[in-house]
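# What the coordinates show
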Amino acid sequence: MVEVGVLALQGAFEEHIEQLEQLGVAGRQVRTAAELEGIDGLIMPGGESSAMALVGEADGFWPDLKAFVQSGKPVWGTCAGMILLSDTALAQKRGGQALVGGLDVKVCRNYFGAQISSMEAAFDCSVDAEGAPT
């Protein structure tokens, strides 16, 4: 059975685990290098990217997380997880922020405060019978 880890330093990790289980996929909370062992992929959830980076760096987990991302196994970042996976983040807090990197994108952080200040937009994600975008 496929087992997917969910970064559980802060943020919406419990909701991601619940969704994986509803899909019949084994999910594992990941907070340490040892918990990265044996997983087939990793989800880095939404939350507060600065808090995740502070916790990950404080306990020495960051190098192991970077190594996992560079290993070639699938990694998916939502919201804060996407920020952490980016190679470059714009509009960072004073002093910058630790990034895991590995995704060749630039992201612009929402440093204006509450999540309510984030953007919402409707978009069409329809696919045809073969699963191709329409």
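Look up a bit, the structure's there.
### So, the overall build of the protein
From N to C terminus, the protein includes five helices and six strands. Put simply, the protein runs from its N terminus to its C terminus through helices and strands in the order β-α-β-α-β-α-α-β-α-β-β. Here the protein has a C-alpha radius of gyration of 16 Å; the compact-globule value for 134 residues is 14 Å, and the two agree. The burial tally for the protein puts 34% of its 134 residues in the buried class. Across the protein, the fraction of contacts at a sequence separation of at least 24, relative to all contacts at a separation of at least 6, is 53%. On the protein, roughly 8,100 Å² of surface is accessible, and the fraction owed to carbon and sulfur atoms is 56%. Across the protein, the mean location of the 8 positive side-chain charges is 12 Å away from that of the 18 negative side-chain charges.

### Thoughts on unusual backbone geometry
Positive phi, close to 55°, is recorded for Cys79, a residue that is not glycine. In this fold, Cys79 is placed in the loop between strand 4 (75-77) and helix 5 (80-85).

### What to know about the packing of aromatic side chains
Counting across every chain of the model gives zero aromatic pairs. Positioned over the ring face of Phe13 is Arg31, at 5.3 Å from the centre of the ring.

### Quick notes on a negative patch on the surface
Judged by side-chain charge, Glu14, Glu15, Glu18 and Glu21 come together as a negatively charged surface patch. Along the chain, Glu21 falls in helix 1 (residues 13-22).

### Re the pairing of strand 2 (residues 26-30)
Here five bridges tie strand 1 (residues 3-7) to strand 2, and the two strands are oriented parallel to one another. When the sheet's bridge partners are listed, Glu3 is paired in strand 2 with Ala26. Following the chain from strand 1 across helix 1 to the adjacent parallel strand 2, one finds a crossover that is right-handed.

### Re the sheet that holds strand 1
Overall, parallel pairing links the four strands, which are arranged 2-1-3-4 in an open sheet. Taken across any chain shown, the strands that pair with only one partner, and hence form the sheet edges, are strand 2 and strand 4. If you compare each strand with its neighbour and ignore which way they point, the axes differ by 25° on average. Relative to strand 3 (residues 41-44), strand 1 runs parallel, the two being bridged by three bridges. Note on strand 3: the bridge partner recorded for Val6 is Ile43. Contacts from helix 4 (residues 62-70) reach strand 1, strand 3 and strand 4, with the element oriented near 120° to strand 3.

The rules behind these values
- Residues numbered from 1 in each chain as written.
- Predicted model: local features only at pLDDT ≥ 70, side-chain atom pairs only at ≥ 80, totals over all residues.
- Heavy atoms only, no water.
- Helix = DSSP H or I, 4+ residues; strand = E, 2+ residues; numbered from the N terminus.
- Rg over C-alpha atoms; globule rule 2.2 N^0.38 Å.
- Buried < 20%, exposed > 50% of the residue type's maximum accessible area, 1.4 Å probe, protein only.
- Contact = heavy atoms within 4.5 Å.
- Areas by Shrake-Rupley, 256 points an atom, 1.4 Å probe, with all protein chains shown as cover.
- Lys, Arg positive; Asp, Glu negative; His and termini not counted.
- Charge placed at Lys NZ, Arg CZ, Asp CG, Glu CD.
- Phe/Tyr/Trp six-rings, centres within 6.5 Å; stacked < 30°, edge-to-face > 60°.
- Lys NZ or Arg CZ within 6 Å of the ring centre and 35° of its normal.
- Patch = residues over 30% accessible without salt bridge, like charges linked within 9 Å, V, L, I, M, F, W, Y side chains within 5 Å.
- Salt bridge = Lys/Arg side-chain N within 4 Å of Asp/Glu carboxyl O.
- Pairing = 2+ DSSP bridges.
- Right-handed = clockwise from strand over helix to strand, strands pointing away.
- Axes fitted to C-alpha atoms, helices over the stretch in contact; angles between N-to-C directions.

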